[in-house]
Amino acid sequence: EENNTWHLLQTNDDLNGSPQDYRRPLETWKLAGSVQSQVSPESVFSEMHGFGLKNPATVFTWVAVPATGFHRTVLPNETWAQAEILAETGTATLAKTFLAPRRAVKV
């Protein structure tokens, strides 16, 4: 059977094992009704900060688009817009929240 999965959902349990809580099954069900063309980094963030995935133990939310190299780290007390401004201005606070940019090395 062909695998047409276009997303990666990573919770704090192993994908090849049983889920440790409701988050992965709930979000997998919600994503099954989504079409890839409907998804943007902002919509992913909204989903991650909505009912089902975000919980009081969330330390940060990281959204990435591997095909483009885009990534954004958002702290629990920030909104997407606040993180976007920080990313554009390169403030010292932002520099403390994630690793410096890296480039893949061709071997």
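Treat the numbers as computed from the prediction; the structure is a model and nothing was measured. (Residues numbered from 1 in each chain as written. Predicted model: local features only at pLDDT ≥ 70, side-chain atom pairs only at ≥ 80, totals over all residues. Heavy atoms only, no water.)

Asks: How should I be thinking about the overall build of the chain in this particular structure?
Replies: Tallying secondary structure elements over the chain gives four helices and two strands in all. Of the regular secondary structure in the chain, the N- to C-terminal order runs α-α-β-β-α-α. The buried share of the chain, reckoned over its 107 residues, is 20%. Of the contacts formed within the chain by residues at least 6 apart in sequence, a portion of 32% connects residues at least 24 apart. Carbon and sulfur atoms make up 57% of the accessible area of the chain, which totals about 8400 Å². (Helix = DSSP H or I, 4+ residues; strand = E, 2+ residues; numbered from the N terminus. Buried < 20%, exposed > 50% of the residue type's maximum accessible area, 1.4 Å probe, protein only. Contact = heavy atoms within 4.5 Å. Areas by Shrake-Rupley, 256 points an atom, 1.4 Å probe, with all protein chains shown as cover.)

Asks: Hey, could you run me through the pattern of salt bridges in this one?
Replies: When the charged atoms of two side chains with opposite charge come close together, those side chains can pair. Throughout the structure, instances matching the rule amount to four salt bridges. For the salt bridge of E27 with K30, the shortest nitrogen-to-oxygen distance reads 3.7 Å. A residue pair is termed a helical-turn pair when its members lie 3 or 4 positions apart in one helix, as E27 and K30 do in helix α1 (residues 23-32) at three residues. Shared partners join several salt bridges into a network, and the residues in it are E27, K30 and E47. (Salt bridge = Lys/Arg side-chain N within 4 Å of Asp/Glu carboxyl O.)

Asks: Whenever I open this one, a nonpolar patch on the surface confuses me. Can you help?
Replies: A cluster of nonpolar side chains, V59, F60 and W62, forms an exposed patch at the surface whose accessible area comes to about 360 Å². In this fold, V59 is placed in the loop between α2 (41-48) and β1 (61-65). Residue classification places V59 among the exposed residues on the basis of a relative accessible area of 60%. (Patch = residues over 30% accessible without salt bridge, like charges linked within 9 Å, V, L, I, M, F, W, Y side chains within 5 Å.)

Asks: Help me out: how do you make sense of the packing of aromatic side chains in this one?
Replies: Geometrically, a pair of aromatic rings is defined through the distance of the ring centres and the angle of the planes. Enumeration over the complete set of coordinates arrives at two aromatic pairs. Centre to centre, the rings of F45 and W80 are 5.3 Å apart; their planes meet at 45°, and the pair counts as tilted. Of this pair, F45 sits in helix α2 while W80 sits in helix α3 (residues 80-89), and the two are 35 residues apart along the sequence. Each member of the pair, F45 as well as W80, is classed as buried. An angle of 35° between the planes, with centres 6.3 Å apart, marks the rings of F70 and W80 as tilted. Remark: W80 occurs in helix α3 and F70 occurs in strand β2 (residues 70-74); sequence separation between them is 10 residues. For F70, a relative accessible area of 26% gives the class partly exposed. (Phe/Tyr/Trp six-rings, centres within 6.5 Å; stacked < 30°, edge-to-face > 60°.)

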